[in-house]
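Letter by letter, the chains look like this.
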2 protein chains.
Amino acid sequence: MAAVAASAGLAAAAFATTYNKSPFAPLACEERSASQPISSKVNRPSFVPENTIDLDDASIPMRLRMIHHIKSLQSTICTALESLEPSGQKFKSSYYLRDASKGFGDSRVLQDGETFEKAGCNISVIKSTLSPAAVRQMRAERFDWWDGKSELPYFVAGCSLVVHPRNPHAPTIHFNYRYFEIQDPNDPSGEPKAWWFGGGTDLTPSYLYEDDARAFHGLYKAACDRHDPAYYPRFKQWCDEYFYIPHRQETRGVGGIFFDDLSDRDPERIFAFVRDCSNSYLPAYYPIVERRKDQPYSEHEKRWQQLRRGRYVEFNLVYDRGTKFGLAMKEPRTESILMSLPLTSRWEYEPEVGTEEGTPEKKLLDILRKPVEWA
Amino acid sequence: MAAVAASAGLAAAAFATTYNKSPFAPLACEERSASQPISSKVNRPSFVPENTIDLDDASIPMRLRMIHHIKSLQSTICTALESLEPSGQKFKSSYYLRDASKGFGDSRVLQDGETFEKAGCNISVIKSTLSPAAVRQMRAERFDWWDGKSELPYFVAGCSLVVHPRNPHAPTIHFNYRYFEIQDPNDPSGEPKAWWFGGGTDLTPSYLYEDDARAFHGLYKAACDRHDPAYYPRFKQWCDEYFYIPHRQETRGVGGIFFDDLSDRDPERIFAFVRDCSNSYLPAYYPIVERRKDQPYSEHEKRWQQLRRGRYVEFNLVYDRGTKFGLAMKEPRTESILMSLPLTSRWEYEPEVGTEEGTPEKKLLDILRKPVEWA
């Protein structure tokens, strides 16, 4: 551990030296690390997070490696997105320590920019306990050792991102990757009794460019295929099902991948898969924004985008499990949880836009009502 | 019944003659009645709905009288609000028949006007069945005759209204009044086994004018006091509690009255109370809009209003029981249910507005965090 701590710097050292598997031990919190340097071979910033520890080193607890991964992922992504912002605006970071539940978070938001109406990238690390009601909502049958009454200690580290570009031709994107551990409060060893990864990335255009959707899905299929050829078809379908809005009878967007409760093989292999997927975000999304951000657009197109933003809000507030879980926490950090909401949105009663055959708005709706195989 | 049908006109006659208390009989649906004529003594339209049947005539089924009341209430309100709209814009009506569940509705919306950003007034009549799960959510202990397994026939007639003015100095307002009946499917008489009224009116300013809030509450206190002096304190508190947004630790607005499951005395007396409250809407709200609609405002004030609209959306989509009930229906009429959402809204991450002592925005937030006795 000593070598690891040294290479990860003072902040990580503070975490590593106090790291303790006991469910009741405090969780030390890292301070912010400096942004990653930009490597600009083709005038683009680096798409690859750099890490100061070896993420493949199985002797380092998974918790710590996941924290390192999401921190460098966040820095790399924010730096890359800033390079698309001609206003010179940067992400503003709010680093916070949790009170009642131990942990920390760093919400980075770029708001009201020229390219981005709102872009937010959060990391969140929580060490707290789940109420019996919350445990029951989480496939409780896997906790066959649980007495059904006691609170269960848990740990989660995750990174989530939502980007709403200003240009209606540039799609909104969301991702979330997280690592979860549940402990038995009666087990002093502190070894996790259950663990799993969850995550996914999905694309939500207001105007559909099929090439964009195909390239996006293609990259995620490739990332999945490198780990298991069964993953992409399964996680693509899961995404279409998860992001379905029943009261609109349409999906939120053109999908991508989504998975939860993933613990079907060695955690090292799943962690490698999660890293591969989360690292695919910039190669998948950056070129699309680069292409679309300066495309001319009309007031009509902006209005349609605003209406689509309304659907985004509906999904997130009515159905999204992450939002519900977050808002139902004892002391929710509402600003971070609702960072996913767009800067502006619109609801019209029975708008005529989207109803006429042959229009790009109707074409999008048709696809949202009948998901397509893109890759 | 014949005299009633004649005076209520052809459409009501169609309803009345096929009216049948059996839970399995079809519900005939009225067609739209013409708008009420405007009586303009002080240049204002009538604030009092006119009815073609005697609403106090207990020989007419409550269902039918409630339908008559909400139809004329809707017409009176729409006509009155139109008179505040210099654009000349009128409410657009969508009359619809329900498919799977029998019933009908009429959604009237005035959108993107000069005075009103969005104003909607719905009436909705439903005759359908509640699933056992839905029954259990409704204080099931009162259904002591229920076997716990069968679907229960129900009837509901209600009117709901949400008005979002354009001027940030003019408050948003909402009301909802409804009459509910539950039947025993094994009882061929069709008499309701349970019935109750629910409703309330509440005010949501972006900028607080204490005189407006006091006048508003004063009128509702007077309406309550005419029926029971215990009503206002009880329903005022219920309103503050119902429209509380836990994740923001604030109420949606400055309250008003709210009640549900009201069946504590003779239905005739409660119906008179409900009519009194719903008829108080125009005297309570119209003068406020008249006063505020042409008040000058800044971009900063408009931005604050848009942020407040975001909170309105959060309450309606995350917590409001009516919205949840509506969206969870077998075939929800989503456009009518989500008519309450504002035309435009805004979410900023950690906005500075509202944080500084001495500003009107902070003053509003302080009051939303600690409800005030206004009357």
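The rules we used
Residues numbered from 1 in each chain as written. Chains lettered and ligands numbered in written order. Predicted model: local features only at pLDDT ≥ 70, side-chain atom pairs only at ≥ 80, totals over all residues. Heavy atoms only, no water. Axes fitted to C-alpha atoms, helices over the stretch in contact; angles between N-to-C directions. Helix = DSSP H or I, 4+ residues; strand = E, 2+ residues; numbered from the N terminus. Parallel < 35°, antiparallel > 145°, perpendicular 65-115°, else oblique. Left-handed = near helix turned anticlockwise from the far one by under 90°. Contact = heavy atoms within 4.5 Å. Nonpolar A, V, L, I, M, F, W, Y, C, P; charged D, E, K, R; others polar. Pairing = 2+ DSSP bridges. Buried area = accessible area lost by both parts, 1.4 Å probe. Salt bridge = Lys/Arg side-chain N within 4 Å of Asp/Glu carboxyl O. Polar contact = N/O pair within 3.5 Å; in protein donor to acceptor, adjacent residues only side chain to side chain.

Before going further, it helps to spend a moment on the packing of helix α4 (residues 210–225) of chain B against helix α7 (residues 281–292) of chain B. Residues and elements named next belong to chain B. Running from N to C, α4 and α7 cross one another at 165°; their axes reach a closest spacing of 9 Å. Between α4 and α7, the angle is such that the two are roughly antiparallel. Where α4 crosses over α7, the handedness of that crossing is right-handed. Seen from α4, the contacting residues are D212, F216, L219 and Y220; seen from α7, they are Y281, P283, A284, I288, R291 and R292. Taken together, the residues of the contact of α4 with α7 break down into seven nonpolar, no polar and three charged.

Okay, the sheet that holds strand β3 (residues 116–130) of chain B next. Residues and elements named next belong to chain B. Pairing is antiparallel across the open sheet formed by seven strands, whose spatial order is β1-β2-β3-β4-β5-β6-β9. Every other strand in the sheet has two partners, leaving β1 (92–97) and β9 (255–262) as the edge strands with one partner each. Looking at each pair of strands side by side, their axes are set apart by 5° on average, direction ignored. Direction of pairing for β3 relative to strand β4 (residues 152–165): antiparallel, over a ladder of 14 bridges. In the sheet register, S124 faces β4, and the bridge partner there is G158. The strands touched by helix α5 (residues 231–242) within the sheet are β6 (194–204) and β9, with β9 carrying the most contacts at an inclination of about 100°.

Here the focus is the interface of chain A and chain B. Chain A puts 31 residues into the contact, and the matching count from chain B is 31 residues. Here chain A packs against chain B, burying approximately 2,800 Å² in sum over the two surfaces, 53% of which is carbon and sulfur. Together, E335, W347 and Y349 of chain A form the three largest contributors to the area buried by chain A at its contact with chain B, with a combined 29%. Between the two partners, chain A and chain B, sit six salt bridges. When the shortest N-O distance is used, the salt bridge between E350 of chain A and R333 of chain B registers 2.8 Å. Where chain A touches chain B, the interface holds 21 residue pairs in polar contact (both at pLDDT 80 or more).

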